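# Residue-level structure breakdown
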Amino acid sequence: MENGKTVVKQAFKEDESTYVYANVVPNSADACTITKIENSNKLSNIRINGASVTGFDPDKNEYALSVQASSLPITVSAEKQDLNASVSITNETVESLPARSVITVTAVNGEENSYTIDFTRAKSTDATLKSILVDSNAITGFSPDILSYRVKTDAETETTIEALANDSEYASVSYTTADGEKTGKNVTVSLPATVVINVKAESGDVKKYNVIVESNSGDALYTADNFETYAEGDP
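### Some thoughts on the confidence of the model for the chain
Scored by pLDDT, the chain has a mean of 85; 77% of the residues are at 70 or more. The model gives residues 218-227 a pLDDT under 50, and that stretch makes 17 contacts with residues more than four places away or in other chains.

Have a look at this one:
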């Protein structure tokens, strides 16, 4: 709370009138007051997926919010100052972007007041992979949060690595090998090899995955499988 600013905290009804408790901070000293609220067509709060809108002000009627597409669907809810007022919300559940929700508060005396929320899609920050393929086989035990892998393959001279981004629509993938950085769906390298997979999110965030690939040719221990994988640091 700011000094000298009154913030509605809790409303209650008595003898057909609505009152609210409010905290007041004059000169850094806490105090409590009760204010009568009647015929109000204003809100005391707007919530998006249960969280209060940052910077909400009962006298501010227009809001612009940039949200991640991954947060969909979005639920819009509102709290009114006067418990006797009525509230209606158009587009209460936002399922696609861009979108607009309108909250209309109607006071007991019939006066209306509307709050508009415009939603736009924020640039995706997802720079993770959902899978890494070695010679068309997914690395077992892969996790988007594990960034280093050691792979043994039955290939003798070269291997092909393909990385699949979680955000296939907006993220880009490139490969750094001994020959430099390469773009494209996959990369073929000579064995043994170390490949760095660079995942760049739409927002510019970058995550790097390191894959070490070695030939398993002639090692009878792994002849039953195409390859065996290890998270970096495993024996």
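### With respect to the nonpolar core
The biggest cluster of nonpolar side chains holds 26 residues, and the ones touching the most others in it are L129, I132, I161, Y175, I197 and Y209. When residues of this core are traced back to their parent elements, those giving at least two are β12 (129-134), β14 (148-153), β15 (158-165), β16 (172-177), β18 (186-190), β19 (193-200) and β20 (206-215). For this core, the leading source of residues is β19, giving 4 residues. The next biggest cluster of nonpolar side chains, apart from the first, holds 17 residues, and it includes I46, V76, V105 and F119.

### Observations regarding the sheet that holds strand β10 (residues 99-106)
Strand order in this open sheet of 4 strands is β6-β11-β10-β8, and the pairing throughout is mixed. Of all strands in the sheet, those with a lone pairing partner are β6 (62-67) and β8 (86-90), marking the two edges. Neighbouring strand axes in the sheet, compared pairwise and without regard to direction, differ in orientation by 15° on average. The pairing of β8 with β10 spans 5 bridges and is classified as antiparallel. Of the residues in β10, the one forming a bridge with S88 is T104.

### Describing the pairing of strand β11 (residues 112-121)
Of the strand pairs in this sheet, β6 and β11 are connected by 6 bridges, and their pairing is parallel. Bridging across to β11, Y63 finds its partner in I117. Of the strand pairs in this sheet, β10 and β11 are connected by 8 bridges, and their pairing is antiparallel. Its bridge partner being in β11, I103 is matched across the sheet by Y115. Linking β10 to β11, which pair antiparallel, is a turn of 5 residues; within it G110 sits at a positive phi near 95°.

Rules and cut-offs
- Residues numbered from 1 in each chain as written.
- Predicted model: local features only at pLDDT ≥ 70, side-chain atom pairs only at ≥ 80, totals over all residues.
- Heavy atoms only, no water.
- pLDDT = per-residue confidence, 0-100.
- Contact = heavy atoms within 4.5 Å.
- Core = buried A, V, L, I, M, F, W, Y, C linked by side-chain atoms within 4.5 Å.
- Buried < 20%, exposed > 50% of the residue type's maximum accessible area, 1.4 Å probe, protein only.
- Helix = DSSP H or I, 4+ residues; strand = E, 2+ residues; numbered from the N terminus.
- Pairing = 2+ DSSP bridges.
- Axes fitted to C-alpha atoms, helices over the stretch in contact; angles between N-to-C directions.

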